[in-house]
Each structure stands twice: as structure tokens, then as C-alpha cells.
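Remarks on the overall topology
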Amino acid sequence: QKEVEQNSGPLSVPEGAIASLNCTYSDRGSQSFFWYRQYSGKSPELIMFIYSNGDKEDGRFTAQLNKASQYVSLLIRDSQPSDSATYLCAVKRRYGGSQGNLIFGKGTKLSVKP
Amino acid sequence: EPEVTQTPSHQVTQMGQEVILRCVPISNHLYFYWYRQILGQKVEFLVSFYNNEISEKSEIFDDQFSVERPDGSNFTLKIRSTKLEDSAMYFCASSGGGRAAGFYNEQFFGPGTRLTVL
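Rules and cut-offs
Residues numbered from 1 in each chain as written. Chains lettered and ligands numbered in written order. Predicted model: local features only at pLDDT ≥ 70, side-chain atom pairs only at ≥ 80, totals over all residues. Heavy atoms only, no water. Helix = DSSP H or I, 4+ residues; strand = E, 2+ residues; numbered from the N terminus. Rg over C-alpha atoms; globule rule 2.2 N^0.38 Å. Buried < 20%, exposed > 50% of the residue type's maximum accessible area, 1.4 Å probe, protein only. Pairing = 2+ DSSP bridges.

1. Considerations on the overall build of chain A
Helix and strand counts for chain A stand at zero helices and eleven strands. Listing every helix and strand of chain A by position from the N terminus yields β-β-β-β-β-β-β-β-β-β-β. At 14 Å, chain A has a C-alpha radius of gyration in line with the 13 Å of a compact globule built from 114 residues. Counting all 114 residues of chain A, 47% fall into the buried class.

Below is the structure:
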């Protein structure tokens, strides 16, 4: 069974702090990794993706990937109350030449306190 | 900014009835997906569709489910005989500006259809 694991939280951080969200995956053949944000009752909204080991930065967000440890993380700098949401880690399986489907974790609920 | 749209936003049906959920993917995308999310649980893959045929499907996508692209814009999910456990949020997603875009193409989700089976 291919799994994506996340700490369900809630993770509570004060406004302006760095929020660190973690994800592990079991399938070593996984090729690309995605972070989605999901507000309650809404659909997943793509924040960023990463497929090479190391860090990838986009504004206040940094994704980190370590394929050897099968670990991917998302850092949110200068956290704002509007960042309060559930953050979903998703992994795309190796699947030949096709686009491949996403395997999601259960998500980590983040609460940013003013 | 182009986006995926879905109709209806909420569908209530009786157990055993057929439902059709509709999606309009982003216009230049070639890959289409359906996912579902039961309340409080994770998003689960149902099916992917490319070039007018199913590319991959999960164990959830049994004979009660079917997908179709009836015209150049719509992508539909049909559930033939709904069960109570089909109650969930159903998300359509699309990706891909062409095969050259490669394996890493991100998927964009529609707002979802909440299906309630009574």
C-alpha cells in the first residue's frame, strides 16, 4: 500500500513565525511532490511542487525534498492568519509516460494566531 | 485566470439513483481526473482520462462509475446506482498543455460537487 503520511495537527504558530509542515512517503519510485492548501469546505489549491532534492522557494513558501529519507516539507515564513488551513502533501507515482495520479496525505491543519 | 468549473455545487439523491457530475476542465489541458473526499478523510484518486480513454483507475472506481467527455469541453462522472457510502465531495482536476509538458505537470482542482446520498 503506497502511503503518504502527515501529522494531522493542529499545528499552532503565532503570526509572523515560521510554520514547518512535514510529510513522508513510502513509494521510492515517487517522482514529484506537491503541496496543496485546503480551506474548510473548499477544494485543494496548489501552492507549489518540487521534484529535485533540495530546496525550492516561492515567495514566503519553501519546499524541501530529501528522496533518500523519503521526506518532503513545506516552510511558511512570516505566517499570516490567512494561512490558517489544512495543508495537503501529494505525491505523484512513477507511471511510465503518463501524467500519473496524485496520492494525498490526510493533511496537517495549521492555525496562525494573531 | 483559467479555472476548472464543476456543476452542480451540491447534489442530493436517493440511494439507487443515477447521478452525473459535470466538469469543464481548463481549456488547453489534455489530462482529466476525478478525485473524491469523504468528510474528514483524505482526497482519494478515482480515475484519470486522456485522449478519450481511461488512463488509470483506482479500486474505488468500480463498474458503478463511468466517465465521459461528451464534447470538446465537458468531462462527466456518472454513478449508476448510488450508495450511502458514495456521499462525498467530488473534485475534478485537469493538467497538461501537451505531452511535451512532461511528467511533472501540476493538477488544478475545481471547486467540487458535494454529493449527498439519502
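Here the narrative resumes.
2. Observations concerning the pairing of strand S8 (residues 75-79) of chain B
Residues and elements named next belong to chain B. Buried residues dominate S8, accounting for four of its five residues. Bridge analysis of strand S3 (residues 19-24) against S8 gives five bridges, and the strand direction is antiparallel. Among the inter-strand pairings, Leu21 is bridged to a residue of S8, identified as Leu77. Two strands pair when backbone bridges link them, and strand S7 (residues 65-68) and S8 are joined in this way by four bridges, in the antiparallel orientation. Among the inter-strand pairings, Phe65 is bridged to a residue of S8, identified as Ile79. Count of turn residues in the S7/S8 antiparallel hairpin: six residues.

Function cannot be read off these values alone, since they describe shape.
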